[in-house]
Amino acid sequence: MKDNNSYSPKRFAVIGAGPVGAIVAAFLAKGGYEVTLCDVVPSLLEPALNPGIILEGVDSLQARVAKVTTSVDDIVNDPPDVIFVTVKATAIPLIASALENFVAEGRYVVSWQNGIDTELDLAKHLGRQSVMRAVVNYGCVPLSPAHVRIAFHHRPHFLQELDPQSRDAAIGICNALTDCGLTTHHTDRITDMVWRKSVMNSCMNAICAVTGKTMIEIIIDPILFNLVDSLIKEGVAVARANEFVLGSDFYPYCINYIKNAGNHKPSMLQDIEAGRRTEVDYINGKIVEYGAQAGMATPYNTMIRGLVKALESR
């Protein structure tokens, strides 16, 4: 059941025209909302206007956004109600600094990203009252600019405000996303959910990036699966040492989720193949950081993070 709520955003911006951003922009535009899509790469933007963003796979739709821009300043100068930040976590400091003048009553920035503590990095610049965090449950592959294949989509997604004063706004944003087909539930446990997803990402993304294998190829290889198992257990231990709640069923849930992803290249492998920086510092690197905070050794995450960083620097 949808919550009754007075906050009803009408205008959205999505920063990041890669596959994750293209999906949220397409659903919002299809739902009748005014959407501005922003990216520094013009070639990613042009098809979003005409013929529109094309999604295929487990969801299929086509929708045109209202505007595109290569400058965050254009968004700040004509501010929407809500901005979704969908760029890689490594770009957060630059994006957050550019959005400082966006902050005002009734305007919100949502971290629609992978990784641990992305919302806290945004809040350092924008304040906690303006920032929200989502946990996103789809996997996607870029086919061409504004053309994305959705490999899996496990609804619902989840969203929470950082400041309790913004709770009604968070519920209103959830309602808007749900109305357009991106079913999103409000939660008061977003940090726990971030850790649940990040531990899953930590055990698969980096191994795929290092080996060049898809998720199902990792699962069916007994030697590599032993590494997955060790990374899961190490991530769980770090999370629990820092009092994040994963749930008693987390391990079987994690294995089942990974198996359902199928023959999919996770984003970290896509980044390595494209010669881009990865988010390993915000996933495995954060597990190492929180392990040190709890006085725990994290040999598996330290090792796999180091291997991914070595590939990045080639």
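The structure reproduced in this document is the subject of the present report.

Thresholds applied
Residues numbered from 1 in each chain as written. Predicted model: local features only at pLDDT ≥ 70, side-chain atom pairs only at ≥ 80, totals over all residues. Heavy atoms only, no water. Helix = DSSP H or I, 4+ residues; strand = E, 2+ residues; numbered from the N terminus. Buried < 20%, exposed > 50% of the residue type's maximum accessible area, 1.4 Å probe, protein only. Expected span 1.5 Å × (residues − 1). Arc of directions from axis to C-beta. Contact = heavy atoms within 4.5 Å. Pairing = 2+ DSSP bridges. Right-handed = clockwise from strand over helix to strand, strands pointing away. Salt bridge = Lys/Arg side-chain N within 4 Å of Asp/Glu carboxyl O. Core = buried A, V, L, I, M, F, W, Y, C linked by side-chain atoms within 4.5 Å. Phe/Tyr/Trp six-rings, centres within 6.5 Å; stacked < 30°, edge-to-face > 60°. Lys NZ or Arg CZ within 6 Å of the ring centre and 35° of its normal.

1. Topic: the side chain of arginine 133
Structurally, the position occupied by arginine 133 is in strand β8 (residues 131-135). Overall, arginine 133 belongs to the buried group, its relative accessible area being 2%.

2. What about helix α13 (residues 299-312)?
Taking 1.5 Å per residue, 14 residues should reach 20 Å; α13 reaches 20 Å between its end C-alpha atoms and fits that length. Within α13, the full set of buried residues consists of Asn301, Ile304, Val308 and Leu311. Each buried residue of α13 sits inside an arc of 90° when the element is viewed along its axis, so together they form one side. On its buried side, α13 packs onto α7 (190-211), α9 (222-241), α11 (267-274) and α12 (284-293).

3. With respect to the pairing of strand β7 (residues 108-111)
By the alternation rule, side chains of β7 split into Tyr108 and Val110 and Val109 and Ser111, which are all buried. In terms of strand pairing, strand β6 (residues 82-85) meets β7 through four bridges, oriented parallel. Paired with valine 82 across the bridge in β7 is tyrosine 108. Handedness of the β-α-β unit built from β6, helix α4 (residues 92-98) and β7 comes out right-handed. Where β7 and β8 come together, three bridges link them in parallel fashion. Within the sheet, the bridge partner assigned to valine 110 lies in β8 and is methionine 132.

4. Concerning the environment of aspartate 229
One can find aspartate 229 in helix α9. Measuring from C-alpha to C-alpha, the distance between aspartate 229 and methionine 268 comes to 19 Å, with 39 residues separating the pair along the chain.

5. Remarks on the pattern of salt bridges
Where side chains of opposite charge bring their charged atoms close, a pairing between them can arise. Applying the stated criterion across every chain, the model contains 18 salt bridges. The closest approach of N and O atoms between aspartate 59 and arginine 155, which form a salt bridge, is 2.8 Å. Remark: arginine 155 occurs in the loop between β10 (147-153) and β11 (157-161) and aspartate 59 occurs in the loop between β3 (53-57) and β4 (61-63); sequence separation between them is 96 residues. Classification of arginine 155 by relative accessible area gives partly exposed; the value is 37%. For aspartate 229, the salt bridge goes to lysine 233, with nearest N and O atoms at 2.9 Å. Of the two residues, aspartate 229 and lysine 233 both sit in helix α9, four residues apart, roughly one turn of that helix. The partly exposed category is assigned to lysine 233, whose relative accessible area is 48%.

6. A closer look at unusual backbone geometry
Note the cis peptide between asparagine 50 and proline 51, where omega equals 15°. Within the secondary structure layout, proline 51 lies in helix α2 (residues 42-52). In this model, arginine 155 is joined to proline 156 through a cis peptide bond whose omega is 5°. We note that aspartate 117 has phi near 70°; this positive angle belongs to a residue other than glycine. Mapped onto the elements, aspartate 117 comes out in the loop between β7 and α5 (118-126). Classification of aspartate 117 as buried rests on a relative accessible area of 11%. A positive phi angle, close to 70°, is found at glutamate 243, a residue other than glycine. Mapped onto the elements of the fold, glutamate 243 is located in the loop between α9 and α10 (250-261).

7. Looking at the nonpolar core
Counting residues in each nonpolar core, the largest one holds 44 residues, and the members touching the most others are Ile53, Phe84, Trp112 and Ile173. In terms of residue count, helix α1 (residues 19-30) provides more of this core than any other element does, eight residues in total. The next biggest cluster of nonpolar side chains, apart from the first, holds 42 residues, and it includes Val194, Leu224, Met268 and Ile287.

8. Notes on the packing of aromatic side chains
The geometry of an aromatic ring pair is captured by two quantities: the separation of the ring centres and the angle between the planes. Inspection of the entire model under this criterion finds seven aromatic pairs. Here tryptophan 195 and phenylalanine 244 contribute two aromatic rings whose centre-to-centre distance is 4.8 Å and whose plane-to-plane angle is 20°, an arrangement assigned as stacked. Linking tryptophan 195 in helix α7 with phenylalanine 244 in the loop between α9 and α10, this pair joins segments that are 49 residues apart in sequence. For phenylalanine 244, a relative accessible area of 14% translates into the label buried. Through a chain of ring-to-ring contacts, the aromatic side chains of Phe12, Tyr33, Phe84 and Trp112 assemble into a single cluster. Across the ring face of phenylalanine 102, the terminal group of arginine 107 is positioned such that the distance to the ring centre comes to 5.7 Å. Directly above the ring of tyrosine 253 sits arginine 196, whose terminal nitrogen or CZ lies 4.6 Å from the centroid.

As far as function goes, none of this settles anything; it's purely spatial.
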